[in-house]
Structure formats: structure tokens, C-alpha cells
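Descriptive analysis of the structure
Residue-level listing of the chains:
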2 protein chains.
Amino acid sequence: MMDNGGFCNDNYHSGSSDDELVDISDVTVNFSEDVPPLDRDYSAGGCKADWRPNNSPKLIDLMDDTVPGIGTYEDFNTIDWVREKSKDRDRHREITNKSKHSTVALLFSISDAFSGWLLMLLIGLMSGALAGGIDIAAHWMTDLKEGVCLNGFWFNHEHCCWASNETTFQERDKCPQWKSWAELMDGVSEQGRVNVLNHFMYVSWALLFAFLAVILVRAFAPYACGSGIPEIKTILSGFIIRGYLGKWTLIIKTITLVLAVSSGLSLGKEGPLVHVACCCANILCHFFTKYRRNEAKKREVLSAASAVGVSVAFGAPIGGVLFSLEEVSYYFPLKTLWRSFFAALVAAFTLRSINPFGNSRLVLFYVEFHTPWHLLELIPFVLLGIFGGLWGAFFIHANIAWCRLRKNTRLGHYPVIEVLVVTLLTALLAFPIEYTRMSSSELISELFNDCGLLDSSKLCDYTGNSGSTSGSVNATAANGLGARLAGPKLYTAMWQLALALVFKMFITVATFGMKVPSGLFIPSMAVGAIAGRLLGVGMEQLAVHNHERDIFRGWCSPGADCITPGLYAMVGAAACLGGVTRMTVSLVVIMFELTGGLEYIVPLMAAAMTSKWVADALSRESIYEAHIRLNGYPFLEAKEEFRHKTLATDVMRPRRSDPPLSVLTQSGMTVEEVERLIADTTYSGFPVVISQLSQRLVGFVLRRDLFISLENARRHQDGVVSVSAVLFTECESPASPGAPPAVKLRSILDLSPFTVTVHTPMEIVVDIFRKLGLRQCLVIQNGRLLGIITKKDILKHMAQMANRDPESILFN
Amino acid sequence: MMDNGGFCNDNYHSGSSDDELVDISDVTVNFSEDVPPLDRDYSAGGCKADWRPNNSPKLIDLMDDTVPGIGTYEDFNTIDWVREKSKDRDRHREITNKSKHSTVALLFSISDAFSGWLLMLLIGLMSGALAGGIDIAAHWMTDLKEGVCLNGFWFNHEHCCWASNETTFQERDKCPQWKSWAELMDGVSEQGRVNVLNHFMYVSWALLFAFLAVILVRAFAPYACGSGIPEIKTILSGFIIRGYLGKWTLIIKTITLVLAVSSGLSLGKEGPLVHVACCCANILCHFFTKYRRNEAKKREVLSAASAVGVSVAFGAPIGGVLFSLEEVSYYFPLKTLWRSFFAALVAAFTLRSINPFGNSRLVLFYVEFHTPWHLLELIPFVLLGIFGGLWGAFFIHANIAWCRLRKNTRLGHYPVIEVLVVTLLTALLAFPIEYTRMSSSELISELFNDCGLLDSSKLCDYTGNSGSTSGSVNATAANGLGARLAGPKLYTAMWQLALALVFKMFITVATFGMKVPSGLFIPSMAVGAIAGRLLGVGMEQLAVHNHERDIFRGWCSPGADCITPGLYAMVGAAACLGGVTRMTVSLVVIMFELTGGLEYIVPLMAAAMTSKWVADALSRESIYEAHIRLNGYPFLEAKEEFRHKTLATDVMRPRRSDPPLSVLTQSGMTVEEVERLIADTTYSGFPVVISQLSQRLVGFVLRRDLFISLENARRHQDGVVSVSAVLFTECESPASPGAPPAVKLRSILDLSPFTVTVHTPMEIVVDIFRKLGLRQCLVIQNGRLLGIITKKDILKHMAQMANRDPESILFN
């Protein structure tokens, strides 16, 4: 049923230790009751000539409370949004009705109404705390690769030197308490050996961390690998993947994320943080009946949790909500918007009170710029956009090709070795260059940084900087242009950055998709930030060397910083992230929340727009959609319009060459016949018609419900045998005296199945499926049932129209 | 057809001078063609036994190009979203197909793809420019009520004194060039007479402005009155109100908005700016075929335009987009989100380059706070939320009652007198108190302001301020607590603010809904800001007087400003605005964009949440929904879930006592019979069945299309007489030799009407209507057609379930 490469592990069904996405097993029912539960309501009612089904509202209660399993879903199946929402409305109605009668029920109804907010609060607190923990641990372990603090091994480099009295402001990260591994072992020694030893320790720690990460993932939670966003998108669209958001996944993903980030691999923690937040949400849902029992309600909570994940990853609550809305969520009612925002804020403030970076900011790379940008700078910004778009398209293409290779060749059988090889390569190549040695988020922070006067970074080595120490502001302004001439260290830095760019571009392709938690926000941003900084410094030097030219004269008045290379880095980061993920508004808003200035929105927007257009021109899919398709998930993209001219009749089954549609008749079939039909076919449901001759539609019954009900009737209803009649009618037909009792199944019959006609254009059918969240739809003409269209049929059809292999759609 | 009170004017159909919302009249067709256009495709095809309609994709082309009027809508009707979207997809498909064949077509296809962005750019530029003009003009005319500038009458007070050399920093608004009317006329005179004269001039100018505004609205553009947001919400949900967004409405609304704001009435320009932006969008749509010809596409543009309106009103592009998403829009695809954001940004930057307030900010009341807030302050913030909720509920109730009174009594017949009386009252009462005399946005700006050390405002009269001029920061800190003790002027200001609060609360109720453009964002915010500032100053004095108490000790360390009354004003403004409009995320984001600091989101959110809960507990509707209901628009609220247990059969027509459903048969009816059916009934469409006996559904035909086609056939098809057969079948039945030629109408038949079964719960039906934007839906049981449900039926049913008068729903 499932293909190997789909997830990062081959033993999908081994996840028995994980929590189920739905846990309905706590509904205990006394099976020893003699009265067959399904009959309870119908035996008394008698037969009504009226076609109005008075007892149909009872349907849900019955399904919910009586026969366990009815109304639930199998693993790797899609939920029926309409049914779930009906269930919730019924529940709500019942609570509201009861609350009118007693005070206790009223209190219960109020607590029920506020439970959503409480849940959001808890998700925010838990995710914020976890994110803070991950940040602190990853920071410490990253530094552990280089050395250790003598004051206490639990201090990271920065904290170690903070505590020291011998730290100067100029060299914040040098202090005697912090020892590199070589210093610790050799004392003082010749430089070459120190370097080799440090390099060796760096590689060893990296390998250890990566090995631990991949082993933990394989042993305890196969679902903990990757970024998780493609799967969460699919789950939010209504798919069931049991265990994907369970407690084991949460624990292992949290631990291995720290390990993977610390190992220095080219990956980020932003995507996995969304997964972590969703796991928190799913686990917390267990404490609230309202959400535990309803898949649709649970998905509302998960939508909010994705917003929380981005909120803590970037310190951008508004951006997080828009990310959830734009990128992840499928069904996003406005109530969820408000709640998501609340949860995102709570998480952001929890993280802030933990203060993992010691700067009372939520992220390492918060920036403030002071120089306005000039209109002409839009040209390099658009160039960065084009670079971002090209990089995005290249990355998606190369990464998908690589993943396909991993899936289809023997490479996929050795995930541990793959991780170790990539880590070894990364660590070996990364150590020599300062910019690849540091963690990606530190790199981004450094690249975004606007050079201050006292900055000691290589990137800020301008010849004027050390010369003009005259203190007076005017003096600095007078030889201001000199202050922006690049010094030798800056040239070195440029070369190193260019090497780092090439290195990051290729290693990221190989890293994303390995069997460790890996996000690609940070690597993409790093690539863009490097490219942007290079271009920014280039532009700056161009302006400095040509400041007499007409074009720069009005713009770069002597003494003023006219170009901010940090802004270029930021624009480049936005462009590359946009190219890979195809985010638009949320991307700009996240970046806006990082800078806080409305004036920098325009460059960001120009780059993001260009990047999206360029990338879309090359290939339509974002990396997440590409991975969804690679894994064959049944995801009906809401953004792309279906543009083909086909009609429902072209898509419905049975095709003309197929045997006729398997239907049940509302009366006249025996238990044995129905059971044989179930055994002979694999359809997930059967239409019920008045008679085989007229083919006039009565309703639709799900295979799972039918199977469970028949089993239940056989076991608990007296006298049911193979020749017993199965009745979907409301009124019992006068049975012959000696006949065995009939099994009455109207209660599991969906009397209002969705129908379209054969003439309905597929674009409308697709629209209906998307907007209402259907699983299947029946096709009729002039009142006669002709066929059925399932979500899988639609996805296969869409794949076919796009000249792809329709068999790549694996699930229903 | 329409009730008097619906709009602000009684001659609804007089708007012939206005542009139509849809202008399809430019589709010219040569009627002299001999071949009846509708037959073109079917005569050749022959009769197919196959039920697959090969020619049905042509349907749209035919409708679009051939018979004028088919596919358009009548005034005060709802559009069919499904059909409009299909039309657009067909158009797009055709362009894409053509673009493969020629370069010109390819260029056209590219220009078509980018026309949306161009349109957004133009809307942003135009709306931004108009908003800037309105701001400048309103500012000048508001000042004109008090005096005139001798340097040039076109300077407003502030500009007049800027130009002057004699202005000191302390008294920025005093300069000899600015003369009040009394100074100009009397020279120097006794104080009493000056006051009376100034008061008289103030009232006279106010009356003049208000009179001009109401006269212009009545004479040229009745639709220009009110805020416009309820109508825009309704239009965005698919309703057609011709002329509501036409060029006359735009011109008159722009002019009268300036007049109304300048007259000093308690109204704001924010809501009307949304209307102005939508008018711009609608007018600019005329230049783009893609948008002119498609009602659904046009509504996407209008959604973006609402974002633009809020963006220029508050200088909050992100808030504007969220406002459009949350409050106004009905159908908001993600593509629109990105485009809205673009348009909102363009508009904001256009407005900023106009710089109407001279502070390079987009709004008068941009604020920056410097003091963090304490957790305990959440208590007063929540209190403000409760106040906001109560005020919101009170305002909505009182305003609706007042509007109902106006509608049902003779009061509604004298709109000019009403405006003049309210203006007179406002001006007479407002002049004596400084805080009511100034414009509401200036008042808000003053109330939001954080008191600096040099502030000369009465609200900043703290006794310590003048005393501690020792200059040293430490000295100020030492007697810092003294610096926050209220001075006598502050006490006066408090009394005046309290009076202003009562005055604003009542006068706003009477003002909103008058026949002048009037927004209620600013008045609501003013009420909240006054209440907030009062509470803030109260809290501050409490803290100052009790700074030794335990509760304040850790919080208010001596010398530090521990409470910012300006923040309280802002929180109060958010609470009151939230109570009236029930905005949530967008409200908080707009306020966040005004302050720019993430730390103030929590107080705003606490107040907005409390306010919404309190207001919702008292009544569920926002002021916009209340006005929509008051006017009987067919608006299906997307936020409220339908929670009743009814089934489709309870809502469908015909009811049991009614005559049977009027249906057409697919063959066997004559032109005369069909025409009689059209004449005898008022239904907007008819189902087509196989035969009266079987009642098996074939399709659905719209009254308007049927009428136009029959008219067309009678006029242009040879030999069509009253006894000619009307055929909806694909194949011509073998007619008797001498019979007149049949009218074949399959092309106007909708072969894929939406159907539900009698058992479908209404909650699902409502969901389908909302999400797919249907106009009607057929009800079948076991393949037989039983009834029909229209949007109006649903709205009536919902009104009935909520114990309201179902006859209040006026339109379909």
C-alpha cells in the first residue's frame, strides 16, 4: 500500500508506540447488552409513508456513542470534512440545549466555549518553552564542537566570556576561560597542529551528533525526520497519518533537532519547529474532548500550531499567522485566525521571557538599519530577486532529483551511512572557512548586520574605520567616503563568502531529505544572505570609487553611508527563501517583523515578487508541493486552478470498459451478498440505490461503517445469519414469517451524498472537492446513478493532464 | 421592490447617470445575421445517442459573444459565482491556447497576466493620491472654521505658523499671521465678544459645510452617503448595486467627505475612504477587459481595494489586508492576498510622498511609547475592554433604533433638515470645550501622545514639570515622582474630557446613518481614547499618591514613568473600535502598525478580546452586519455557523400547501406556453425535467436568459411562432412535416445545476451556498425533483430561526 521512499523510514507500521493521531479507543462500550445497538431507535418508530426522516438527526449520536469504530478513519485515509463538521455542530447543539436546563450544564457549556482559548494558551506556552530549550541547547552544543568553558562545561562560548572579567568590548568572544580543544589537550603548541587537532575534534563531534540523531530517528520515531511541513500540509488537508504528531515524534524530533543543528549540517530548525508545535498541539488536544474526538476541529488547532511554530522560529507572530494561512492551512475559518494570533503571541512572549539569545530578542538575526535606500537600488534588489528565483528553481529540481535517486536506488537502504558521509563532508569542508564553520543562523546574523563604527568583524574592515579615531562626528563625516573603502580583510571575507556560497548551495541539496530533522529556511536564507552581502559590498565599493559620477552624486553625498550591505543580505535572503518556498505575503511580513521598519518593505517586496515570478516561470511547484507529490500524498492544491476542459464523465469510474459500478440496493440483499461484495472489492464506500434496474440513488455507505456494522450484527444481534436481509429502507418490508431477522442499516447510510451531473465541468468538481473537503462524489444523469469520483480519481486525473504518472498518487 | 430606508435616498433607480457596476453594453452584435445564433453549433452536430455533450464547452462562448444580455445580471440581484468563475477560466484557457500559436497572442497573454498587477498599481496610486488630497483639504477647511491665514488663505493653521519666523517651539500654534475670525473683524476687543463671534463663525461654517455636503449627496449621488462598508460587504458577497461604485459616487463622495469632516460632525473618513478606494477600483476595472467583463474577477479587485482604503486611512498596509480578509471580503483567494498587499503598499507610499501631515507619517496619530507596561496593568486594560464592549453594544443598539425610527417615521423625509439640526447641535455644544472643538483625529493624536518634558499641552501639566529644571538627569529622577503629580490644568482637562466623552457618545449615535459620508472608526476611537486617557491619568495619580504601597513598590520605582496614559488611550480606542466593528486580528495589527512595538500588542489584544466577548455576549452583530440586516441585503454571513437542525425539505419551495413547482419539460412545450410561464411567475429560473410525470432533472435555465433567448428567436429566427416547440434536448425529435421550426435552447441550459437531497441538513446547504457562492440549488429525492432553495429562502429561514421577520430580506 505504501511506497518506500514516502517517509524517511521503511517500517511505517512499526509506529505502534506512537500516539495515534486520533485516539478513539477510550470509548468503551458494554458489548454484553442484548439489544442490538443499531436497532434501538428504529424498532419503535414503525413505518412512515412520509419521506421526511424524523430520526435522522439521531444518526450522529448513534455513530458516536454506540458502535465503536463507526465514524473513525483508517490510517492513510482522508477524512470527510462535511461529516466531521456536522458532528461538531451536533455536539455544540446538544451542549447549548442542555445548558438551558441546568446550571452545571451551563457552566460546562461556558468551559467548553473557552476550552479552545485555554488550549491555545497551553500550545503557546509549551511550544515557546520547547523552542527556547532547543535554542539554548543547540547554541551550547554548537560551541562544544570548538571548545569548552573552564568555569563550567554547561556554558556556551558567549556565556563563558560574559561571566569573565577579562573580556573587552572589542573582542567579546576571546577570554581565557574558553579553551579550544587543542588548547585543552596540548597546552600551547605550534599553530599547524592546533588547527589539525581542532579540525579533528570539530569533525568528530559533528559525526557523533549526526550519528546520534539518525540512530534515534530510526530507532524511535521514523516520522521525526525531514522538515515535516509537506506532511503537515497534507494532514491539514484532511489526511490521516497516525503517529506523525505523536509524543514519540515530539520527544525524538526535539532531541534530534538539537543534535542535527549542532552537528553543523546545512539545515535549519524553523521547519521542524512547526512540526514540534503541531505535535504539542496534537498531544494537548487529547485533554479536550471537543478536539480529541473531531478530526476537523483538531485541524483548526493544528493550523494555529503552525503559526506558533513560525512565530517562535522567527519571532514574528503576525508573519506566523500569515504563513499558516498562506502556506500550510487548507481550511482556515476566521475564528482560527484570531486564535492562531493569540497562540502565536503567547509563544513569542514565552520564548522572549526565556531569552535564549541574551539580547531580549526572539531571534539571533534581528536587525535595525538606519540608512534609507535609494530608488535606483531597486535594480540590484530585483537582480537578487532573479538570483533567488533561479536558486529556488535549481534547488527544487536538484533536491527532487536527488530524493528520487535515493528512493529508487540502493542509496535509500543506507540512511545512517548517508548521513555520516554528508556530515563528514560538511564538517571537513566547513571548518577551514570561518563563515561555514559558524552555525548558519550566526552567519545570517553577521551578514544582516549593519557595520557600526566599533565593529570588529572582518566584514566591517573599512580602511577609514581605524584611521578616523578623531572622535568628533564632523571629522568622521569629512573623510566619510574614505571610511567606506574596503580594507584587505574585507577582500578576504569576500573570497571566503564566495566559497561559502558555492559550498552551501550544493551541500544543502544533499542535506534536505536525509533521515534527520532538517529545515530549509535557514540554509536558503544563508545562501541568499551571502549573495546579497556580496552584491551589497560590490555596490558599495562601486559607489565609493565612482562617487563623482552623475548617477551617484545626488544619492551618495560624501560622508553619508549611502548603501547598507546588510540590507542587501536581507533582501537576498528573502529572495532565496521566496524562490524555494514560494511564500509571498508571509515572507515579506516575517522579514518586516525582523527589521521593524515599513520603509524596507518595498525592497523586500520587489525581491520576493521577482523571485516568485522567475521561479514560477521555471517550475510551478514549491519545495513542499514537490515533496508532497514525490511522496504521493492525496493533496488537492488550493492555489492552482484546474484549467482543463474535461467533464465529470471523463473522470468518474467505472470507465466505459470497466464492469458496472458496485452498488447496494436498499432492500433485497442478504448479509452474505453484502459481505461478498465487501470482500471482492476494495472501494471505500458503496452507493445505495432503489433497485439495480432503476439505479436511482438513495444514499452512500462507507465500507468501514458497513463492515463494522455487519460484524457487530453478526456478533450481537440474535438470529442474524448469512441469508438475513440487509435493509437500508426506513420501513420494514413485510418479511415472510420464518425468515431470519433483518439487519437494518439505515443509520449508517449517508442520505445526503454529494452529487454532480455527468455534464459538470471538472473545474467545478475540483472546486467543490476543495472547498467542501469531500472524499467522494456521485455522478448522476437525469436521476440515474452513473458513477463515482473520489479524491484519488481527481488527483490521478490532474496528474494525467499535467503529463505525470497518475500512479504516483498513492493514497485515498 | 425596494424599501425606503435601505439607502440614504428614495430614488434608487434615478442613478442612471452613474456608471453601471457592470458595463456590458459595449458588446455590439450584428443582429442582421440570418442564421439564428443559438443554433449555430447544434444544427450540424446531428443527434448523438451518447449522453456526452461534446458541444457543451461552447456554451460559454455563445453566451458571451452572441446574444447580448445573456450572462448578465439585473440590478439588485446576486451573481452566480460558479458561472462567473467558469467564464474566467474559459477566457484564460482560450488565451493560453492561442498564445501557443502566435507571438502576438503570446504577448497578449503575458500582458493579460500582468494586467492584474498594473491595475493594482493604478488603484494604489489613485487611492493614495485621493486620500492625500482629502487629508489636506479637510485639514485646511477644519481650520477655516476658526480663522484664516494672512499669508495666504490656502494655508492651514499649522502651515501658516510654520512659514512664520515668530513661532516658538513652545507655542507652535501661535503666530501673528493666523487670525481668528474675531481678530480679523473686530481688531482687539473684549474677550466675551470675541468668543461669541468666533463661536458664531464656527457654527456658520459648520452649517455651510454640512449643508453643501447633504445637498451634493442628494442632488448628484445618493449612494455617496454613509460609510459604505455594509454595502461593499454585500457587493463583495456577489450582490449587484449599479452605480454604487460609479464615477459620480466617487466624485461626490470625495468632495462631500471633505465637507462632512470639516463641518466638525462626529464622523471619520476611514470607512468612506474604503468606499472611495473601491470606486477607484471599479472605475479602473473598465480599462481592463478581464475585469470589466467578469463580476467575480471584479470582486477580487474590490477586495484588494478595501485593503487599500484601510491602508491609506491608518497607514497600515498589513492591517488593511487583514481587514479586507477578516471583515469585508467574502471570497478571498490567496492570489488576491498578495495583490492586495501590493496595492496597499503602493497606496501607503503614494500617500507618504504627498505627506499630508508634514511629519512623514501616514496618519495624524502615529505614536511611540518608551515605557514598558507592567503585568498588573492588564486589569485596567481589561476594564477598558469591558467598557469598549459595552459601548459597542450600546452604540449598535441605539444607532439601529435611531435608524429604524428615521426609516419608519416622517423623520426620514427631511434629511437636509436632520443634517442641519445635528450639525447645529454639534457645533454649538462642541465649540466651548477645546477637546470637542478640535477635529476627532487631532483629539485622538493628542490623547495618544506620551507626555514629553517640554510638552505644553494641558494634558501634560504635571506639577513637577516646571519645577525640576535642574537639567541633570539624576535630579529629575530624584524628584521624579513629583514630576508626575497632576497640576491644576490637568484636572481641568479631565473634566473637559469627561464632558467630551458624554457628548461624543450621544452625538455619534445620531450622526452615523445621516445622509452625508460618515465613517465611525474615528468617533469610536475618540470615545475609547477619552475613556482610556481618563483611566490612564487616574491610574497614574493612584500610583503617584500610593507609591509606598506594596503593590506599586516593585513596579513604580521613583523617578521612572511607570504608567503611560497615552497607552491607555490607545488601548481604549482599540477596545471601543473592536466593540463596534468586532474586528479582531486586523484591529490589533492596525494598532500595532501605529505604534510599531511588539510589546504593546498584548495590552491591545487583551482589550480587543475582552471587548469582543462582552459585545458578543450582548448582541452578536457588528454595526456593519446590523446595517446590512436593516437594509435587507441578501448577505450570507460567513462567520456565523448555522446551528439549527432543520433539513433542506423544511426550507425548499414549494411548501406543502403551495402549488407544485413550476418546471419546464425538455421537449413538448411551445413558445407560447413558456412565455406564459414566464409571465405568470416571478421566479428567477426554472428547472427543466424530462417529463412532468417522471420529474427527473435535466438542467436549470435562468428566467433572464430564457426571456432574452425567446425574444431573440422571435425577432431573428425565421418562422418562429407561438406554437413553435421549445426544445432543450440535444437531438431534434422527428417533427411532423408542416410544423413550424423549433426553438432550440440547450445552449442556455445549465446542465450541471447544484442539487441536494431532501435529507441534507440545512447546515450543509448553508455551507455549500457560502463556499461556492450559489444563487439557487435544486432539491431532489431518489432522482426526482422536489423543490428549489434560493439564497433568499435561506436568508428568510435563518431570519425565522432567529425569531426575526423573514420579510425583512428584500432582495435575491
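A brief report on the enclosed structure follows. Counting of residues starts from 1 at the beginning of each chain's written sequence and follows it residue by residue. Throughout, the order in which chains and ligands are written sets their labels, letters from A for the former and numbers from 1 for the latter. pLDDT decides what is reported in this predicted model: residues at 70 or higher carry local features, side-chain atom pairs at 80 or more are listed and counted, and totals for whole chains, interfaces and linings draw on all residues regardless. The basis for every side-chain value is the complete set of non-hydrogen atoms in the structure, without hydrogens or water.

1. What about the relation of the copies chain B and chain A?
- Least-squares superposition aligns the copies on the C-alpha atoms of those residues with pLDDT at or above 70 in both. Mapping chain B onto chain A calls for a rotation angle of 180° and an axial translation of 0.0 Å; the resulting RMSD is 0.1 Å. Taken together, the rotation and translation describe the operation of a two-fold axis. The rotation axis passes nearest to the C-alpha of Gly-783 of chain B in chain B, at a distance of 1.9 Å.

2. Some points on the nonpolar core
- Counting residues in each nonpolar core, the largest one holds 403 residues, and the members touching the most others are Phe-341, Phe-448 and Ile-789 of chain A together with Phe-341, Phe-448 and Ile-789 of chain B.
- Beyond its immediate chain neighbours, meaning those up to four positions away, Phe-448 of chain A contacts Phe-365, Val-367, Phe-369, Met-525, Ala-529, Arg-533, Gly-566, Ala-569, Met-570 and Ala-573 of chain A. Nonpolar cores were defined as sets of buried Ala, Val, Leu, Ile, Met, Phe, Trp, Tyr and Cys residues, with membership established by side-chain atoms within 4.5 Å. A simple rule labels every residue: compare its accessible area, found with a 1.4 Å probe on the protein chains alone, to the largest value its type can have, and call it buried under 20%, exposed over 50%, or partly exposed in between. Should any heavy atoms of two residues lie within 4.5 Å, those residues are considered in contact.

3. Examining the packing of helix H3 (residues 81-99) of chain B against helix H4 (residues 103-144) of chain B
All names here are of chain B.
- Between N-to-C directions, angles cover 0 to 180 degrees, with each direction set by a line fitted to C-alpha atoms, over the stretch in contact for helices. What counts as a helix is a DSSP run of H or I of at least four residues, what counts as a strand is a run of E of at least two, and both are numbered from the N terminus. Packing of H3 against H4 leaves a shortest axis separation of 7 Å and a crossing angle of 145°. As for the relative orientation of H3 and H4, their crossing is left-handed in sense. Side by side, H3 and H4 meet where Arg-91, Ile-95, Lys-98 and Ser-99 of the first sit next to Ala-105, Leu-106, Phe-108, Ser-109 and Asp-112 of the second. Take the far helix as your reference; a near helix turned counterclockwise from it by less than a right angle gives a left-handed crossing, and one turned clockwise gives a right-handed crossing.

4. Some details on the sheet that holds strand E8 (residues 743-744) of chain B
- One open sheet holds the 3 strands; their spatial order is E4-E7-E8 (chain B), and the pairing between them is mixed. Whereas interior strands pair on both sides, the edge strands pair on one side only; in this sheet they are strand E4 (669-670) and E8 of chain B. By definition, two strands form a pair when at least two bridges between them are found by DSSP.

5. Description of the sheet that holds strand E5 (residues 685-689) of chain B
Residues and elements named next belong to chain B.
- Here 3 strands make up an open sheet; going across it, the order is E3-E5-E6 and the pairing mixed. Taken across any chain shown, the strands that pair with only one partner, and hence form the sheet edges, are strand E3 (664-665) and strand E6 (697-702).
- Where E3 meets E5, 2 bridges bridge the pair, whose relative direction is parallel. Paired with Leu-664 across the two strands is Val-688, which belongs to E5.

6. Some thoughts on the packing of helix H15 (residues 378-408) of chain B against helix H27 (residues 623-631) of chain B
All names here are of chain B.
- Two elements in contact, H15 and H27, have axes whose closest approach is 10 Å; the angle formed by their N-to-C orientations is 20°. By the criterion of interaxial angle, the relationship of H15 to H27 is roughly parallel. As H15 runs across H27, the sense of the crossing is right-handed. For the pair formed by H15 and H27, the contact residues are Phe-395, Ile-396, Asn-399, Ile-400, Cys-403, Arg-404 and Lys-407 on the first element and Ile-623, Ala-626, His-627, Arg-629 and Leu-630 on the second.
- Each residue is assigned to one of three groups, with Ala, Val, Leu, Ile, Met, Phe, Trp, Tyr, Cys and Pro labelled nonpolar, Asp, Glu, Lys and Arg labelled charged, and all others, Gly among them, labelled polar. In the contact of H15 with H27, the residues fall into 7 nonpolar, 2 polar and 3 charged. Under this scheme an angle from 65 to 115 degrees is roughly perpendicular, one under 35 degrees roughly parallel, and one over 145 degrees roughly antiparallel; angles in between are oblique.

7. What about the environment of Leu-702 of chain A?
Residues and elements named next belong to chain A.
- Mapped onto the elements of the fold, Leu-702 is located in strand E6 (residues 697-702).
- Distance from Leu-702 to Ser-684, taken between C-alpha atoms, is 6.0 Å for residues 18 residues apart in sequence.
- Excluding residues within four positions of it along the chain, Leu-702 makes contact with Arg-83, Ser-684, Gly-685, Arg-775 and Gln-776.

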